[in-house]
Amino acid sequence: MKTYTLEQTLIINKSLEDTFEFFNSPHNLEKITPKSMGFNVITPTPITMATGTSIDYTVKIMGFKTRWTSLIQEYDPPHKFVDTQLKGPYSFWFHQHLFKKIDDNTTEIKDIVTYIVPFGILGRLMHFLFIKRQLKGIFAYRTKVISKVFN
């Protein structure tokens, strides 16, 4: 099994607390995910973020609607939270959301995603041809939207 890592860092003009508050709501993921992904949180509201919180949503992958369940594995406001995939399209998904105060009105947001694609050699080929580019596109979209929201 081949393990992949995707990292992205963004500096925004917002306090650490305000930045974390935005990311603390799973429904804000809908705002920062491309519309073509059909992202929809299906866990009933309100959702209280904490270690052990499970969140269900649907997302389109290659045009197919897929159910995804994430578990908040670590929760350390306002510095980080970590989610892992319990059910979804990947063999393994581990996403660290890290927030670092630069100064009173500036925050660094860092995402580190470690993942494994299923289906062995076919999965590796799909990663090379499609998945890697799609994930980079999703995070580029997030950067663009987050920059507009906060700057």
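Below or above, wherever it landed, is the structure these notes cover. (Residues numbered from 1 in each chain as written. Predicted model: local features only at pLDDT ≥ 70, side-chain atom pairs only at ≥ 80, totals over all residues. Heavy atoms only, no water.)

In space, the seven strands of this open sheet follow the order β1-β7-β6-β5-β4-β3-β2, with antiparallel pairing throughout. The open sheet is flanked by β1 (3-12) and β2 (40-41), the only strands paired with a single partner. Alignment of strand β5 (residues 80-87) against strand β6 (residues 92-103), held across five bridges, turns out to be antiparallel. Bridge assignment links lysine 80 to a residue of β6, and that residue is leucine 98. Strands in contact with helix α1 (residues 16-23) are β1, β4 (64-76), β5, β6 and β7 (106-116); relative to β6, the strand with the most contacts, it is inclined by about 155°. Where helix α3 (residues 120-150) meets the sheet, it contacts β1, β6 and β7, and its direction lies at approximately 15° from that of β1. (Pairing = 2+ DSSP bridges. Helix = DSSP H or I, 4+ residues; strand = E, 2+ residues; numbered from the N terminus. Contact = heavy atoms within 4.5 Å. Axes fitted to C-alpha atoms, helices over the stretch in contact; angles between N-to-C directions.)

This brings us to the packing of aromatic side chains. Within the structure shown, the criterion is met by 16 aromatic pairs. For the pair phenylalanine 23 and phenylalanine 99, a centre-to-centre distance of 5.3 Å together with 50° between the ring planes defines the contact as tilted. With phenylalanine 23 in helix α1 and phenylalanine 99 in strand β6, this pair connects stretches of sequence that are 76 residues apart. With a relative accessible area of 12%, phenylalanine 23 lands in the buried category. Judged by its relative accessible area of 4%, phenylalanine 99 falls in the buried class. (Phe/Tyr/Trp six-rings, centres within 6.5 Å; stacked < 30°, edge-to-face > 60°. Buried < 20%, exposed > 50% of the residue type's maximum accessible area, 1.4 Å probe, protein only.)

By rolling a water-sized probe across the atoms, one finds the places where empty space is left. Approximately 740 Å³ is the volume attributed to the largest pocket. Forming the walls of the largest pocket are 39 residues, and the residues nearest its centre are Ile61, Trp68, Pro89, Tyr90 and Trp93. Elements that contribute at least two residues to the lining of the largest pocket include exactly α1, α2 (28-32), β3 (54-61), β4, β5, β6 and α3. It is α3 that contributes the most residues to the lining of the largest pocket, nine residues altogether. (1 Å grid on protein atoms, 1.4 Å probe; cavity = no way out; pocket = protein on both sides within 12 Å on 5 of 7 lines; lining within 4 Å. Points joined across faces, edges and corners; volume = space filled by probe spheres on them.)

Here we come to empty space enclosed by the protein. As enumerated under the stated definition, the model contains one cavity of 30 Å³ or more in all. Contributing to the lining of the largest cavity are Gln8, Thr9, Leu10, Phe23, Leu29, Ile32, His97, Ile109, Asp111, Arg142 and Ile146. At the level of elements, β1, α2, β7 and α3 are the ones that each hand at least two residues to the lining of the largest cavity. Per-element accounting of the lining of the largest cavity gives the leading share, three residues, to β1. Residue composition of the lining of the largest cavity, by class: six nonpolar, three polar and two charged. (Nonpolar A, V, L, I, M, F, W, Y, C, P; charged D, E, K, R; others polar.)

As a further point, take the pairing of β4. One ladder, built from eight bridges, connects β3 with β4; its direction is antiparallel. Within β4, the position partnered with isoleucine 61 by the bridge is phenylalanine 64. Hairpin geometry of β3 and β4 is characterised by an intervening segment of two residues between the two adjacent antiparallel strands and by a positive phi of about 50° at methionine 62. As paired elements, β4 and β5 share seven bridges and run antiparallel to each other. Bridge pairing in β5 places leucine 71 opposite threonine 84.

All right, on to α1 then. Those residues of α1 that sit buried are Leu16, Thr19, Phe20, Phe22 and Phe23. Along the long axis of α1, the arc covered by the buried residues comes to 155°, so they all point the same way. (Arc of directions from axis to C-beta.)

Moving on to the environment of glycine 137. Looking at the secondary structure, you find glycine 137 in helix α3. On the basis of relative accessible area, glycine 137 is assigned to the partly exposed category, the value being 37%.

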